[in-house]
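# Fold and contact review
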Amino acid sequence: MEARSQYVVSALSSLLYSSDSEAGLRQYWMPDDISLECYECTSKFTSFRRRHHCRVCGQVFCSKCCSSYIPGKHVGHNGNLRVCTFCYRSFQSMLEQGGLESENQVESERKGVGEAMQYRRRQSIDQVAQLTGSQPHLASSPASFKLTRKMSTNVPMYGGENVSDPDTAPLTQGIQEMVKLRDPLALSRLWERVLEPGVGIQLETHRYYLRSYPGTFHGRALVAWLMAQDSQTSTSHSQAVAIGQALLTAGLMTAVSGQGVFTDTQDLYQPSQVEENTTARTPEPSVQEPAWLQELADSPFRPEKKNSNSSQRPAESKVRGGDMKDNETVPDGLLGVGVGDLKKSVADFEDSEDSELLESVFRSHEDRYLDTLLTAENIPDEWRETILSLAEKAVEMVKPDVRYSGDEMDIRAYVKVKCVAWGQREDSRLVEGEVCSLKLAHKGMAANIHKPRIALVAESIMFKDRNTMVSLESIQLQEAEYVKNVIGKLLDSRPNIVLVEKTVTNLAQEIFLKEGVSLAVNVKPRLLQRLARLTQAVIIKSVDSMIAPPKLGSCEEFISQMSTCSSGRRGTRLMVFDGCSPSLGVAIILRGGDRQFLGKVKAVLKRILLIKYNWKHEKSLLANEYGSLMDSNVTQEKFGQYQLAVSPFIKVLKNESPIPFAVEAQDVSDITDDDHKEDQGDSKHPQYQLHPWCKDFIEMKITSLTDVELGDKTALFRAAGWRQSPPSPLVIKPKVNYSVVLPEDHTENLSVQFSMYSKQSQVAPNYCVSPWVVNMQLYGTLDIGLGDFLDSLCFSSDYACPAKQCSTPPLHHTRRFCHAGGAVSLHMQQLEAPIMGEDTDRLMMWKYCTSCEMITNIVPVSDSTWSLSFAMFLHILLHENQLVRRGASRPDATCSHSLHQEHLTCFGKGDQVATFRYSELHVWDISTPPDKLVIPSPSYSKDYIMKYLMEYKKAGSSVYSTVQEKLHQAKVENADSSCSLLTEQNEEHQAYRDRVEKLEEKINESENHGVETVSLLRLLQRDILVTQQTWMKRLSSAEMAGKNGKKGMVRANSTEVVDSAGKKADTDTTVKKLISTILPHAEENILPSPFPQDIHLITHIKGVELECPNPYFVTENKPSSLISYLLSSASYQEYLTSEEEDEHFVLEVSDLTTKFYCCSYFTKEFHQLRKLIFPNGEKNFVHSLADCSRWEAMGGKSGLLFYKTRDDRFVLKQMSRFEYQSFLEFAPHYFQYLQQSIQSGTKTLLGKIVGVFKIGFKNSATGTGMNMEFLIMENLFFDKEVTKSYDLKGSVRNRLITEGESQSGQVLLDENLVRVSCESPLYINQQDKEVLNEAVKRDTAFLASHHMMDYSLLAGICDKDNKLVVGIIDYIRTFTWDKKLETLVKSVKSSGVFGGQAKTPTVINPDLYQMRFSDAMNRYFSAVPE
């Protein structure tokens, strides 16, 4: 049914542009006498079941299957047409899809049109054969057809005598003649009036089969205009139609559909030639966005390239590419530049010294480039001239009309390179047409034809059977007649050559042979399309549905011959269509090597074609820009240091890594090597392997034909098929595809990040078009012409912002193209008056220097500049820095700045201006959390050490002074004992002073000190505190002895003092508590502590007093000091080496006034993790935790406490109750994931948690205490000078804070970043972006699998190091009931029910949170392609 559907659709389409009567269709109906049954239901025809022909497909049906009618108005016929059910359904489908005109668009007066061409009754096959036999010259000479194809229709000149009504005029007999004009000059004058602006018809842009045709008009418009003219002598409708036919026949206009009949319908026509004094309206280019831009709002697709068989260039093409008029001026106040002498700008440049200098630079670049390619492919240097000359000729001849005809941008689409193996290199040549490897269907067909008429058929010529069951007899009866009908239609147009895409039946081939028509079958569709372009033929979609005569192609010569070869090799059969228009395309034949070698030459030749073709357009751009070189002695000595580039002025240094190679697309069908068998050696066909059953039968000795065993083996032989496995056809005829590689060219592909935004848009501050990477192939995929980009996507009134929510005109948008550290921004603005006055359709350009504030002359954009690749234009703006404006090398020049990177490139049309500006991008280097945490050894400055030494010196002096004072007071009561203690005190004080002096000398010896000096300070501090406690005990015991009446002061050892003091404390505890509630606090100690009360020296561990306390002090407001004490304790080391099953280690310590509690969770697991990530061990980690300070982390809303270690390496964060409970369940998975990531080298962004502790204390002296859980994690900003930081969650709900200049360390949120992301985005390179996305994806998937959510990405900007520090923090919060309740409440508040914009709440389900977080991080950081 598919073949039949295509046939019916093509038949209906053909009827649209035909005005033949129903009688003209009868000659192609299936004869009644051979149609025995209905084509649809297979019912036999009888006297009562009569035959009915479908007017579309011509088959015979019964009355039930052919009972539908279609209105003839739709297909150019009178009345209704009877059709079969299938054709009726197809007609209705085409009507619904808009493929047919509605009834109110078609008038019934088409029957009054004078037919310019009618089909005569088709001759039978026998008559055609007899005619060919009697006149054999008709088979090969197209000139012999000219007289027989004319028709006679007298057409009076406009305003003369009336034309006879076609309804009453007799039909011409025989072969019709062409229209004879009484006065061709009068017809030309009439045509001038038709095209006269303001008087004649208006030329506009119309759509036809999804394509725009500028400078066209409807046939109905011409008829209406003719009838409206000359009121005295009225022109009838039939006269107007006849005049239109005369204009069409005279060649003054052409039909877009290719038909030769003028109709008063919506058919499109256009002028075929333009007089010098004829001015036409400038065509508006169709607004067709490139595929890469259409993907933004719609589904990704690439728009189809326009067909090359289009109309000729309109009249205004001369105006656009030519000189400007002298009286054209710029409106007053516009840029302050006149345009009086601009008509010499581009023309003079061609012969100027600047042009010669640029040309010499290109030639030198081309030679070095070709040297590189020849060396890479091992091609002899003798091919240089051949390649250059062939490429030069092709570029000069082939001229793709991208601007007006919609041709392909790449010239290589119209230059075919055909490799014919062997022969001589000198045999390589250029053919103005097509060369292909086809052979004629029969040896007797003509192989050489001068000026042939070529018919192109896009389907098989064979009988199309339906899918229903039918008798074989009926098919045989219908097939012969069907083939005769189809071939008869085709032969009516008198072709010499027929090329068919598929197969042709033997009967049809015999008819073609008898008629003297050369036939080739199995032609590739691509070859048919190429021949249609070159020969200007129209491909026949369906021969049997062809109502109007087809448009045949032609060329000068057709030759089918064998290529010459040496050494007895067999040549290649080639078909050559020579003498076509070279501007439409050429073919290059390469000879002089084997298949593989010629494939390399072909690849090099195509690359040189691209270089030469691009230079043609690039040179035109430089001429429009007034570009030149500052240094006239430019050489290519450093050519090897740069990457290969098509343009001679794009210089990009090579990467350190070897240059990759890119495989160039290879058309195997274009490389012919009939000596392929020699390449395969003398391989023989594989021998068939007999089946064992066959061997038994063959080897069996037959004695009797009635033997039962013989019958059994015969049956087995037949069942086995006499061989075990048939040979594969690929083995018999192997096909080798030689891949050709060439060094990669930097400019062949441009990966550019495109974005679009507007401050005035409804979607602001978000992008209208989010940044995404477009891969533009030079003059190929996703590329667009520079002029097409400007006309269609900048200055067109039909173009709108791709964002559906944005209604802001593109004029107020900014478009940015980023690549390799540079950006090109496109800004639009509207002027008060048009740039060129009344001429609002001309595209102009100029350059403006931002430093000198000087501009070049305003010149029109030439056709070559218009067709320049937009990708190459961006390449030039991004990488070119050698060119300057013309005249910059003169001594009196005022501007010598870069023409592209320091100048604005401006384009104007009407009152609008588009400006391209280059700017350097600030591309940040991503810094992720390192796998190994290097903790620097503690280093302290001399001033820092001296500060603490002075404090300790003062504290020690205070202790000894107080002791001395107490002893002098006690001397009055007991002089002997006091004197002995005073002597001891003086000795200790002197020893203390000597110790401090030595320590001070040691400190002054160096500017920086390490752990050793700090240990000495801690020992000094410990000894001072021990001395204070010792003397306090001595004085206390002496005081107690005096109260008990004891004489003298007896020195007691420390143990006795402690025991007596402890007993006293036990007896007086109750009294002290009662008195302390009534009276102010009184000093209990005889000697006050020399240090603050929150600094404690641990004297007891688990209730056991230490003989010698460790020199580690615990400070109440520094939680890390207790953790440091735990990690350095002997109990902790014993726990690590023990086999205890408890996961947590608890340490309880105290001093005289305060009790401390510290619990280390997952102690052994964290110890193993720290061993893995701390390459220098835990020693420096312990020293780092010895000192910390409170950190006011700005931006958080939890209200939890934060601390930083003194060296800024670690952060202590207080854990909430929910976080603490979540971590107890999450910790085992965390250890496993982090260990696997580090050992496998997989990048993770998780900020490493290196310990979780619970800390508590109670100070009985001051009444203070603490009971909190803390986690210790790495400081992501360690050793980084962060100037701005962001806490990013991927949500914009309540994620905005007011930025303050005086607030240092302020952490901004998501919406703060979004508001500046359009104008100042965070750019990173492509490799870092891929690493970042992969890490985010992997980490968030891990967290979501364990129900973690509400985590953040902390990003810090370091201007000094050009670093963007990132890491995931706060990732130990699960989706518990409180978070679910928070999500529910915020969802209701954010839904917009209570007013305001609907926003997603911050806290959502972990899986949804993961998706939102990953998508947001991908948006926040833009990748710049390299």
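Look above for the structure.
Along each chain, the written sequence defines residue order, and numbers are assigned to residues from 1. Totals for whole chains, interfaces and linings use all residues, but because this is a predicted model, local features are given only for residues with pLDDT of at least 70 and pairs of side-chain atoms are given and counted only at 80 or more. Where side-chain values are given, they derive from all heavy atoms of the structure, hydrogens and water being excluded.

Quick look at the overall build of the protein chain now. Helix numbers and strand numbers start at the N terminus; a helix is a DSSP run of H or I with at least 4 residues, a strand a run of E with at least 2. When helices and strands are counted, the protein chain shows 35 helices and 54 strands. Considering the protein chain as a whole, with its 1426 residues, one finds that 50% of them fall into the buried category. Contacts in the protein chain between residues at least 24 apart in sequence constitute 72% of all its contacts with a sequence separation of at least 6. The method behind every accessible area is Shrake-Rupley, applied with a 1.4 Å probe, and residues are considered shielded solely by the protein chains displayed. Here the protein chain displays about 68500 Å² of accessible surface, and carbon together with sulfur accounts for 49% of that area. When a residue's accessible area, from a 1.4 Å probe over protein chains only, is under 20% of the maximum for its type it is buried; when over 50% it is exposed; and in between it is partly exposed. The criterion used for residue contact is that any of the two residues' heavy atoms lie within 4.5 Å.

Every case where a carboxyl oxygen of Asp or Glu lies within 4 Å of a side-chain nitrogen of Lys or Arg is listed as a salt bridge. Inspection of the entire model under this criterion finds 35 salt bridges. Arg363 is paired through a salt bridge with Glu359; the nearest N and O atoms lie 3.1 Å apart. With Arg363 and Glu359 both in helix H10 (residues 353-377) and four residues apart, this pair spans about one turn of that helix. Among the ionic pairs, Lys1360 bridges to Glu1281, the shortest N-O distance being 3.4 Å. Of this pair, Lys1360 sits in the loop between strand S52 (1352-1358) and strand S53 (1363-1369) while Glu1281 sits in the loop between strand S48 (1265-1274) and strand S49 (1284-1288), placing them 79 residues apart in sequence. Through salt bridges that share partners, Glu359, Arg363, Glu366, Glu392, Lys612 and Lys619 make up one connected network.

Here we have four strands laid out as an open sheet, ordered S13-S20-S19-S14, and antiparallel in their pairing. Each having just a single partner strand, strand S13 (434-436) and strand S14 (448-450) make up the two edges of the open sheet. On average, each strand axis in the sheet is inclined to that of its neighbour by 15°, with strand direction left out of account. Each pair of strands is called paired provided DSSP finds at least two bridges between the two strands. In the sheet, S14 pairs with strand S19 (residues 557-562) via three bridges, with the strands oriented antiparallel. Bridge assignment links Ile449 to a residue of S19, and that residue is Phe558. Interaxial angles span 0 to 180 degrees and are taken between N-to-C directions of axes, which are lines fitted to C-alpha atoms, for helices over the stretch in contact. Contacts from helix H14 (residues 525-535) reach S13 and strand S20 (573-578), with the element oriented near 155° to S13.

This next bit is on the pairing of S19. Sheet topology places S19 next to S20; six bridges connect them, and they run antiparallel. Looking at the pairing, Met562 lines up with Arg573 of S20.

A separate point is the packing of aromatic side chains. To pair, rings of Phe, Tyr and Trp, with the six-membered ring standing in for Trp, must have centres within 6.5 Å; the planes then decide the type, stacked if under 30 degrees apart, edge-to-face if over 60, and tilted in the middle. For the structure shown, the criterion picks out 45 aromatic pairs. Site record: aromatic cluster; members linked through ring pairs are Phe1162, Phe1166, Phe1223, Phe1226, Tyr1230, Phe1231, Tyr1233, Phe1342 and Tyr1371. Lysine NZ or arginine CZ positioned within 6 Å of the ring centre and within 35 degrees of the ring normal marks a charge as sitting over the ring. Residue placement shows Arg1209 over the ring face of Phe1210; its charged tip is 5.9 Å from the ring centre. Across the ring face of Phe1218, the terminal group of Arg1217 is positioned such that the distance to the ring centre comes to 4.5 Å.

Candidates for patches are residues over 30% relative accessible area with no salt bridge; among them, like charges are joined within 9 Å and nonpolar side chains (Val, Leu, Ile, Met, Phe, Trp, Tyr) within 5 Å. Note that His is not counted, nor are the chain ends; the positive residues are Lys and Arg, and the negative ones are Asp and Glu. Throughout, a charge is located at the NZ atom of Lys, the CZ atom of Arg, the CG atom of Asp or the CD atom of Glu. Judged by side-chain charge, Asp994, Glu997, Glu1001 and Glu1005 come together as a negatively charged surface patch. By secondary structure assignment, the location of Glu1005 is in the loop between helix H24 (975-1004) and strand S37 (1008-1009).

For helix H33 (residues 1326-1345), spanning 20 residues, the distance from its first C-alpha to its last is 29 Å, which sits close to the expected 28 Å at 1.5 Å a residue. Those residues of H33 lying buried are Asp1328, Lys1329, Leu1332, Ala1335, Val1336, Asp1339, Thr1340, Phe1342, Leu1343 and Ala1344. Its buried side turned inward, H33 meets strand S35 (923-927), helix H31 (1217-1240), strand S51 (1322-1325), S53, helix H35 (1406-1420) and strand S54 (1421-1424). Two N or O atoms count as a polar contact when they lie within 3.5 Å, although within protein this holds only if one can serve as hydrogen donor and the other as acceptor, and sequence-adjacent residues are included solely when both atoms are side-chain atoms. Regarding H33, its N-cap is Asn1325, as a side-chain oxygen of that residue lies 3.3 Å from the backbone nitrogen of Gln1327 further along. Expected span of a helix, by definition, is 1.5 Å for each gap between consecutive residues, and there is one gap fewer than residues.

Turning next to the environment of Val601. Along the chain, Val601 falls in helix H15 (residues 595-625). Separated by 223 residues in the primary sequence, Val601 and Asn378 have C-alpha atoms spaced 9.9 Å apart. Those residues in contact with Val601 that sit more than four places away from it in its chain are Ile379, Trp383, Ile387 and Leu590.

Looking now at unusual backbone geometry. With the exception of glycine, most residues fall at negative phi, and the peptide bonds are largely trans. The omega angle of the peptide bond from Ala764 to Pro765 is 10°, so this bond is cis rather than trans. Turning to its location among the elements, Pro765 is positioned in the loop between strand S26 (749-757) and strand S27 (769-777). Despite not being glycine, Arg494 shows a phi value in the positive range, around 55°. As for its placement among the helices and strands, Arg494 is situated in the loop between helix H12 (472-491) and strand S16 (497-500). By relative accessible area, Arg494 is classed as buried at 15%. With a phi close to 55°, Asn1362 is a non-glycine residue in the positive phi region. Relative to the elements of secondary structure, Asn1362 occurs in the loop between S52 and S53. On the accessibility criterion, Asn1362 (21% relative accessible area) is partly exposed.

Function cannot be read off these values alone, since they describe shape.
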